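Close look at the chain arrangement
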Amino acid sequence: MLAGRRILITRSADRAQPLADALGDRGAEPLVLPLIDFEQARDQSELDTGLDRLSAGGFDWLVISSITTVRVLLEKAAGRGLAIAELLPAGTKVATIGHSSRQVLESVGLVVDLAPTDVQSAEGLLQVWEPASSRVFLPQADIAATRLREGLAAKGADVTAVVAYHTVDYPAREEVRVTAEVPAAVVNSDAVHSTRVIAAVLEPADARKAIDAGTVDAVVAASPSAARRIAALFPSLGTCRFIAIGRPTAAEASRLHLTVAATAKEPTPDGIVAALESVFANEGNPQ
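Overview of the structure. The structure displayed is predicted, hence computed values, not measured ones.

**Here we look at helix H6 (residues 147-154)**
- Here H6 has its buried residues at Leu148, Gly151 and Leu152. Mapping the buried residues of H6 onto a view down its axis gives an arc of 100°, with all of them on the same face.
- Of the residues trailing H6, Gly156 is marked for its positive phi of about 100°.

Shown next as structure tokens:
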């Protein structure tokens, strides 16, 4: 179903590799267009104060809503000469937004006490969060939507939300770029890849020419911010299908009047491949 299809992945080359490998195994041609990157918080004091309070037992819950937050916490822990698990005292619980983020957290030594299994998003976490008085530490991106913070507060939590990192256009400034990585095995597809794919990295102008020419079959957006960049760069996607990594990305794309061809049920390479296969199932392979 994917043989011969050209799929544009809007991530940096290193972060796109697991999906590129999964696509290559199915005969597709992955292309990479880096759109967004991540920088350390410009004001470190709020994050450091929050981490000090976390380590001192001042929070009942640490809520992590993105893998980039994990990368930031890895950097902060290393700067203190600690493993990430040592930032949390006994009794402080950890919540996250889905299966993939649970895997990432467990891979770096954290025990996850709560994560949704159905709707894997902030909304899914709110659905399984029990109303109670609790103290919650919520480090997030500077552009994170307020729905998680407000939803937790509505359920009785005293939420301390801080900026953990800034989402910026690619590339980030090297001196403040978030560089810590989670274990590669966690973000890779469960499949054993026959070969490592070297995907072509495009400039925005080249990607636009290819989309305008109708030679890109689908573009994959991994976040709402990526959807916004796609909408800004490409006035029309033409025959190129827009694939969202999850519901928040799909919702943002719809708000921007981008037609969402499919939404991955799980934010993993295998989930994205399945979404792509569902789109092309009845079309046959390109000539």
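**Quick notes on the nonpolar core**
- The biggest cluster of nonpolar side chains holds 52 residues, and the ones touching the most others in it are Leu8, Ile230, Leu237 and Phe242.
- By size, the runner-up hydrophobic cluster in this structure holds 23 residues, among which are Leu2, Ala20, Val220 and Val279.

**Focus: the pattern of salt bridges**
- Under the criterion given, the structure shown has 15 salt bridges.
- We note a salt bridge from Asp60 to Arg135, for which the minimum N-O separation is 3.0 Å. Of this pair, Asp60 sits in the loop between helix H2 (44-55) and strand S4 (61-64) while Arg135 sits in strand S6 (residues 134-141); the two residues are 75 residues apart in sequence, bridging distant segments of the chain.
- The salt bridge partner of Glu123 is Arg147, with a shortest N-O separation of 2.7 Å. Of this pair, Glu123 sits in helix H5 (residues 122-128) while Arg147 sits in helix H6, and the two are 24 residues apart along the sequence.
- For Arg147, a relative accessible area of 35% corresponds to the partly exposed category.
- Put simply, Asp48, Asp52, Lys76 and Arg80 are held in one network by salt bridges that share partners.

**Structural notes on the environment of Arg241**
- Its place among the elements puts Arg241 in strand S10 (residues 241-244).
- Each C-alpha atom of the pair Arg241 and Leu31 lies 14 Å from the other, and the pair is 210 residues apart in sequence.
- Contacts of Arg241, omitting those with residues within four sequence positions, involve Asp217, Ala218, Val219, Ala261, Val279, Phe280 and Glu283.
- Here the side chain of Arg241 touches Thr239 through a polar contact of 3.1 Å, landing on its backbone oxygen.

**Details of the sheet that holds strand S5 (residues 93-96)**
- Judged by pairing direction, the sheet is mixed, and its five strands sit side by side in the order S3-S7-S6-S4-S5 without closing on themselves. Two strands bound the open sheet, and with one partner strand each, they are strand S3 (36-40) and S5. Taking each pair of neighbouring strands and ignoring which way they run, the sheet shows an average axis angle of 30°.
- Relative to S6, S4 is paired through two bridges, and the arrangement is parallel. Note on S6: the bridge partner recorded for Leu62 is Phe137.
- Across the sheet, H6 is in contact with S4, S6 and strand S7 (157-169); its angle to S7 comes to roughly 175°.

**What to know about the packing of aromatic side chains**
- Applying the stated rule across the entire model yields three aromatic pairs.
- Summarising the aromatic geometry, the rings of Phe59 and Phe137 are spaced 5.0 Å apart at their centres and angled 25° between planes, so their arrangement reads as stacked. Taken together, the positions of Phe59 in the loop between H2 and S4 and Phe137 in strand S6 put the pair 78 residues apart, joining distant regions of the chain. Of the two residues, Phe59 and Phe137, neither departs from the other in class, the shared state being buried.
- The ring of Phe59 has Arg53 sitting right over it, with the charged end atom 4.0 Å from the ring centre.

**Quick word on the environment of Ala274**
- Structurally, the position occupied by Ala274 is in helix H11 (residues 269-280).
- Overall, the relative accessible area of 40% leaves Ala274 in the partly exposed class.
- It is 41 Å that separates the C-alpha atoms of Ala274 and Gly81, two residues lying 193 residues apart in sequence.

**Quick notes on the sheet that holds S10**
- Pairing is parallel across the open sheet formed by six strands, whose spatial order is S8-S2-S1-S9-S10-S11. Looking at the sheet topology across the chains shown, the edges are occupied by strand S8 (200-201) and strand S11 (260-263).
- One ladder, built from two bridges, connects strand S2 (residues 29-32) with S8; its direction is parallel. Residue pairing across strands places Leu31 opposite Ala200, the latter belonging to S8.

**Thoughts on the pairing of strand S1 (residues 6-9)**
- Bridge analysis of S1 against S2 gives four bridges, and the strand direction is parallel. Residue Ile9 lies in a different strand from S2, and its bridge partner there is Val32.
- This β-α-β element, S1 to helix H1 (residues 13-25) to S2, shows right-handed connectivity.
- Relative to strand S9 (residues 218-221), S1 runs parallel, the two being bridged by three bridges. Within S9, the position partnered with Ile7 by the bridge is Ala218.

Thresholds applied
- Residues numbered from 1 in each chain as written.
- Predicted model: local features only at pLDDT ≥ 70, side-chain atom pairs only at ≥ 80, totals over all residues.
- Heavy atoms only, no water.
- Buried < 20%, exposed > 50% of the residue type's maximum accessible area, 1.4 Å probe, protein only.
- Helix = DSSP H or I, 4+ residues; strand = E, 2+ residues; numbered from the N terminus.
- Arc of directions from axis to C-beta.
- Core = buried A, V, L, I, M, F, W, Y, C linked by side-chain atoms within 4.5 Å.
- Salt bridge = Lys/Arg side-chain N within 4 Å of Asp/Glu carboxyl O.
- Contact = heavy atoms within 4.5 Å.
- Polar contact = N/O pair within 3.5 Å; in protein donor to acceptor, adjacent residues only side chain to side chain.
- Pairing = 2+ DSSP bridges.
- Axes fitted to C-alpha atoms, helices over the stretch in contact; angles between N-to-C directions.
- Phe/Tyr/Trp six-rings, centres within 6.5 Å; stacked < 30°, edge-to-face > 60°.
- Lys NZ or Arg CZ within 6 Å of the ring centre and 35° of its normal.
- Right-handed = clockwise from strand over helix to strand, strands pointing away.

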